[in-house]
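So you can see what is in the structure, the chains are spelled out below.
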Amino acid sequence: MGKPRIFESHIHLDKACILDRCNIEEGTLEEAVNETSKAKKDFTEEDVYKRASQVVEMAIKKGTMGMRTFVETDPKTSLRAFNAIKKVKENYAFAIDIQICAFAQEGLTDSKETQALLEEALQNGATVVGGCPYKDENPNKHIEMILDLAQKYAIDADFHLDFDLNPEDSNSSIPKLVEETLKRNYQGKVSIGHVTKLAAMRPEQREKMISLLESANINLSILPATDIFLNGRNTGNPKPRGLVNAKDFAKRINTCIASNNILNAFTPYADASLLRMANMYANLSQAATKEELETVYKMIGQNAAQMLQQNFALEENRPANLVIVEAKNATDAIRKISQPLLGIKNGKVSFKNEAAILFIP
């Protein structure tokens, strides 16, 4: 099966592959943030480059030809991680297009140094700015400041949002984000990830939030591996899945499926395969029909390309960008987590995986 391309809409290359530096005892979001924060102070440019390169190579061989990576840009890492990811972007451009999102993970409103570092990154190669309102003492101001930067540099903004299973919409950041997006006429240029709060809301609450997101044309990345690993730890049985099921709104909101983290305290397992991630999402969301699985495939293809503002279609007389998968069609590829066999980037072969051969005696 030949399809134009597969895109990773939400990943963290800078903090991938650090399991040996983190303790996982509670398996909570708070623990993952704290463990990663402690490890960050020892990140060197060489270290980040090596780990990020490993993941990029994994992703390329799994058929990914474009990605948006968040890079934590704050006093703990300064611009060491950012400079490393810039080199990764340059060195692997033959096979994959990488967008760098300068990301304020650990707060912004009370850190002038973080503000300055974000600006420096945006002036030196970052093409997206990202925020994490739930880790800031003033979430609303955090949203405003990130969007201020997005407008100043005429770039997209991407937020980690509502990462919990508290169904109360009173502490959701969606209304504020939508308000600011509409006020600034920034529809289509804002994305969010996680938003697991939607999974816990009553139908009428959920519909209210979906309608708001639709009104502002906000993109959504669902992150199955991380969201089901971290959520629901402190609940009784049966435990919630902690995953947003987009079945009832995928046609209203541009929705993607992404990896988020690779081999760290947020996600202690992964192989950078978006087909595997799509299969996980399909299984958890109970998507089974041909139409449902074709929609799931779009979440790692056409939808993700739209979010990243990348050309998706194969066009006559243009350099070919495509991946060939060992499957008959999109449904087959998702059901079987099929092997990507060949990638072609700008008309040149970028990777090749040999199909398995069975030696029957």
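Our subject in this report is the structure included herewith. (Residues numbered from 1 in each chain as written. Predicted model: local features only at pLDDT ≥ 70, side-chain atom pairs only at ≥ 80, totals over all residues. Heavy atoms only, no water.)

**What about the overall build of the protein?**
Step number 1: Tallying secondary structure elements over the protein gives 13 helices and 12 strands in all.
Step number 2: The principal-axis extents of the C-alpha atoms in the protein amount to approximately 65 × 45 × 45 Å.
Step number 3: Residue burial in the protein is summarised as follows: out of 361 residues, 57% are buried.
Step number 4: Residue pairs at least 24 apart in sequence account for 80% of intrachain contacts in the protein once pairs closer than 6 positions are excluded.
Step number 5: Here the protein has roughly 15,300 Å² of accessible surface; of this, 48% comes from carbon and sulfur atoms.
Step number 6: Once the 45 positive and 48 negative side-chain charges of the protein are each reduced to a mean point, those two points are 4 Å apart. (Helix = DSSP H or I, 4+ residues; strand = E, 2+ residues; numbered from the N terminus. Buried < 20%, exposed > 50% of the residue type's maximum accessible area, 1.4 Å probe, protein only. Contact = heavy atoms within 4.5 Å. Areas by Shrake-Rupley, 256 points an atom, 1.4 Å probe, with all protein chains shown as cover. Lys, Arg positive; Asp, Glu negative; His and termini not counted. Charge placed at Lys NZ, Arg CZ, Asp CG, Glu CD.)

**Structural notes on the environment of asparagine 23**
Step number 1: Looking at where asparagine 23 falls in the secondary structure, it is placed in the loop between strand 2 (6-11) and helix 1 (29-40).
Step number 2: Asparagine 23 sits in the partly exposed class, given a relative accessible area of 47%.
Step number 3: Sequence separation of asparagine 23 and glutamate 35 is 12 residues, and the distance between their C-alpha atoms is 6.9 Å.

**A few points about helix 8 (residues 203-215)**
Along an α-helix, residues three or four positions apart point the same way, because every turn accommodates 3.6 residues.
Step number 1: The end-to-end C-alpha distance of helix 8, which contains 13 residues, comes to 18 Å, matching closely the 18 Å that a straight helix rising 1.5 Å per residue would cover.
Step number 2: Residues of helix 8 that are buried include every one of Gln205, Arg206, Met209, Ile210 and Leu213, and no others. Taken end-on, helix 8 shows its buried residues confined to a sector of 130°, consistent with a single buried face. For helix 8, exposure combined with an orientation more than 90 degrees from the buried face picks out Pro203 and Glu204.
Step number 3: Residues of helix 8 that are buried sit in contact with helix 6 (174-183), strand 7 (190-194) and helix 7 (197-200).
Step number 4: Phi turns positive, to about 50°, at asparagine 217, one or two residues after helix 8. (Expected span 1.5 Å × (residues − 1). Arc of directions from axis to C-beta.)

**Brief notes about the packing of aromatic side chains**
Step number 1: Under the counting rule described, the total for this entry stands at four aromatic pairs.
Step number 2: Centroid distance tyrosine 134 to phenylalanine 163: 6.3 Å. Interplanar angle 70°. Geometry classified as edge-to-face. With tyrosine 134 in the loop between strand 5 (128-131) and helix 5 (139-153) and phenylalanine 163 in the loop between strand 6 (156-161) and helix 6, this residue pair connects regions lying 29 residues apart in the sequence.
Step number 3: Ring centres 5.8 Å apart and planes at 85° place the aromatic pair phenylalanine 229 and tyrosine 269 in the edge-to-face group. (Phe/Tyr/Trp six-rings, centres within 6.5 Å; stacked < 30°, edge-to-face > 60°.)

**A few points about helix 2 (residues 45-61)**
Step number 1: Taking 1.5 Å per residue as the helical rise, helix 2 with its 17 residues ought to reach 24 Å, and the 24 Å between its terminal C-alpha atoms agrees with that figure.
Step number 2: Residues of helix 2 that are buried in the fold lie against strand 2, strand 3 (64-72), helix 3 (80-91), strand 4 (97-104) and strand 12 (348-352).
Step number 3: In the segment just after helix 2, glycine 63 is the residue with positive phi, at about 100°.

**Comments concerning the pattern of salt bridges**
Step number 1: In this structure the tally under the stated criterion is 33 salt bridges.
Step number 2: Between lysine 251 and glutamate 291 there is a salt bridge, with the nearest N and O atoms lying 3.2 Å from each other. Of this pair, lysine 251 sits in the loop between helix 9 (224-230) and strand 9 (255-257) while glutamate 291 sits in helix 11 (residues 290-300), and the two are 40 residues apart along the sequence.
Step number 3: For glutamate 291, a relative accessible area of 48% gives the class partly exposed.
Step number 4: Glutamate 354 is the salt-bridge partner of lysine 352, the closest N and O atoms lying 3.8 Å from each other.
Step number 5: Judged by relative accessible area, glutamate 354 falls into the exposed class, the value being 61%.
Step number 6: Within this structure, Lys15, Lys40, Glu72, Asp74, Lys76 and Glu106 form a network of salt bridges that share partners. (Salt bridge = Lys/Arg side-chain N within 4 Å of Asp/Glu carboxyl O.)

**Brief notes about the nonpolar core**
Step number 1: Among the nonpolar cores identified, the biggest contains 103 residues, and Phe159, Leu177 and Ile192 are the most heavily contacted of them.
Step number 2: Of the residues forming this core, the biggest block, seven residues, is contributed by helix 10 (residues 274-285).
Step number 3: Phenylalanine 159 has contacts with Gly131, Pro133, Ile143, Ile146, Leu147, Leu177, Val190, Ser191, Ile192 and Gly193, leaving out every residue within four places of it along the chain.
Step number 4: Ranked by size, the runner-up nonpolar core spans six residues in total, among them Phe7, Cys256, Ala305 and Leu308. (Core = buried A, V, L, I, M, F, W, Y, C linked by side-chain atoms within 4.5 Å.)

**Overview of the pairing of strand 5**
Here is the key point about a regular strand: its side chains alternate between the two faces of the sheet.
Step number 1: Of the two faces of strand 5, the one holding Val128 and Gly130 and the one holding Val129 and Gly131 are both buried throughout.
Step number 2: Two elements, strand 4 and strand 5, share four bridges in a ladder whose sense is parallel. Of the residues in strand 5, the one forming a bridge with alanine 104 is glycine 131. (Pairing = 2+ DSSP bridges.)

**Concerning the sheet that holds strand 6**
Step number 1: Taken in spatial order, the eight strands make up an open sheet running 2-3-4-5-6-7-8-9, and their pairing is parallel. Where the open sheet ends on each side, the last strands, each with one partner, are strand 2 and strand 9. The average angle at which neighbouring strand axes cross in this sheet is 25°, direction not considered.
Step number 2: In this sheet, strand 6 lies alongside strand 5 in parallel orientation, the contact comprising four bridges. Residue pairing in the sheet places glycine 130 in a bridge with aspartate 158 of strand 6. (Axes fitted to C-alpha atoms, helices over the stretch in contact; angles between N-to-C directions.)

**Re the packing of helix 10 against helix 11**
Step number 1: Relative orientation of the contacting elements helix 10 and helix 11 amounts to 140°, with a least axis distance of 10 Å. The orientation of helix 10 relative to helix 11 falls into the category oblique. The two elements helix 10 and helix 11 cross, and the hand of that crossing is right-handed. Of the residues in helix 11, those in contact with Leu274, Leu275, Ala278, Tyr281 and Ala282 of helix 10 are Leu293, Val296, Tyr297, Met299 and Ile300.
Step number 2: Looking at the contact of helix 10 with helix 11, its residues break down into 10 nonpolar, no polar and no charged. (Parallel < 35°, antiparallel > 145°, perpendicular 65-115°, else oblique. Left-handed = near helix turned anticlockwise from the far one by under 90°. Nonpolar A, V, L, I, M, F, W, Y, C, P; charged D, E, K, R; others polar.)

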